[in-house]
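Here is how the chains run, residue by residue.
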Amino acid sequence: MKYSKLIVLTLFMGLISCEHHKKTTTKVNYDDFKTLNANFKLTSKAVANGVLLDAYKCEKKVNDVENSIPLSWENVPDGTKSLAVVMYHYPKKDDKTEINSYLLLWDIDPSVTQIPYKMAAKGTWFMGGNKDGTAISYTSPCSRGKGEHVYTIALYALSETPAALPKKHSLNVDYNVLMDGLGTVNIIDRTTLTFIDSN
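Only a predicted model underlies this, so the values are computations on that prediction, with no experimental measurement involved.

### Structural notes on the packing of aromatic side chains
Describing an aromatic ring pair means giving the distance of the ring centres and the angle of the ring planes. Taken as a whole and judged by the stated rule, the model has seven aromatic pairs. Their ring planes at 70 degrees and their centres at 5.7 Å tell us that tyrosine 30 and tyrosine 156 sit as a pair that is edge-to-face. With tyrosine 30 in the loop between α1 (2-21) and β1 (41-43) and tyrosine 156 in strand β9 (residues 148-158), the pair connects residues that are 126 residues apart, well separated along the chain. Here tyrosine 30 matches tyrosine 156 in class, with each residue buried. Consider the rings of tyrosine 102 and tyrosine 151, whose centres lie 5.2 Å apart with planes at 75 degrees: the pair is edge-to-face. Within this pair, whereas tyrosine 102 is found in strand β6 (residues 100-108), its partner tyrosine 151 is found in strand β9, the two being separated by 49 residues in sequence. Residue classification places tyrosine 151 among the buried positions, given a relative accessible area of 2%. By way of ring pairs, the aromatic residues Tyr88, Tyr90 and Tyr175 are connected into one cluster.

Structure (structure tokens):
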């Protein structure tokens, strides 16, 4: 009888532990955010006429790390104290309950105006996990399914760096963690670059 009670108690504590560590999904979504400053723009040499160039698709992995997409921007709004970058894609069309992220950056100084090719993990800012959460890295688009696949890169101008985010590269920062963190500070403006990867 003692052993039965012990087993039941152990299982019960295990369930509590699982519930405690259960990951919640963020309800923060800024897709409907309209850029306030029209001259706040994000561009990339890897994108031409709204299409990702072949040279930047399916980057080779070295120790699970891939070369990052080149980015540049201009006219950061006055009052911006920090920038953040998020690249994402909805794998199921017209379904925003599932989302894949390919680039997660935060604590970028507002004086920065570009991130050169291959340099996303080598600046003074911080990077989160790749698409699969296996490495601190960018994930390049490598769509296998037929048709067009739409990707969005969003640049956020923030009133401050979210205190909820770590001051270091972290695999613990995924899309949900970063977006929830951005939701704790004032978003001064948001601009996006949308492109297509097609097969």
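Alright, that's what it looks like, and here's the rest.
### Notes on unusual backbone geometry
Phi angles above zero are rare outside glycine, and asparagine 63 is one such case at about 55 degrees. Note on placement: asparagine 63 falls in the loop between β3 (51-52) and β4 (71-74). Positive phi, normally seen in glycine, also occurs at aspartate 107, with a value near 60 degrees. One can find aspartate 107 in strand β6.

### Let's talk about the pairing of β6
Of all nine residues in β6, nine are buried, a share of seventy percent or more. Sheet analysis places strand β5 (residues 82-89) next to β6, joined by six bridges and oriented antiparallel. Bridged to histidine 89 within β6 is asparagine 100. Of the strand pairs in this sheet, β6 and strand β8 (residues 126-127) are connected by two bridges, and their pairing is antiparallel. Of the residues in β8, the one forming a bridge with tryptophan 106 is phenylalanine 126.

Criteria and cut-off values
- Residues numbered from 1 in each chain as written.
- Predicted model: local features only at pLDDT ≥ 70, side-chain atom pairs only at ≥ 80, totals over all residues.
- Heavy atoms only, no water.
- Phe/Tyr/Trp six-rings, centres within 6.5 Å; stacked < 30°, edge-to-face > 60°.
- Helix = DSSP H or I, 4+ residues; strand = E, 2+ residues; numbered from the N terminus.
- Buried < 20%, exposed > 50% of the residue type's maximum accessible area, 1.4 Å probe, protein only.
- Pairing = 2+ DSSP bridges.

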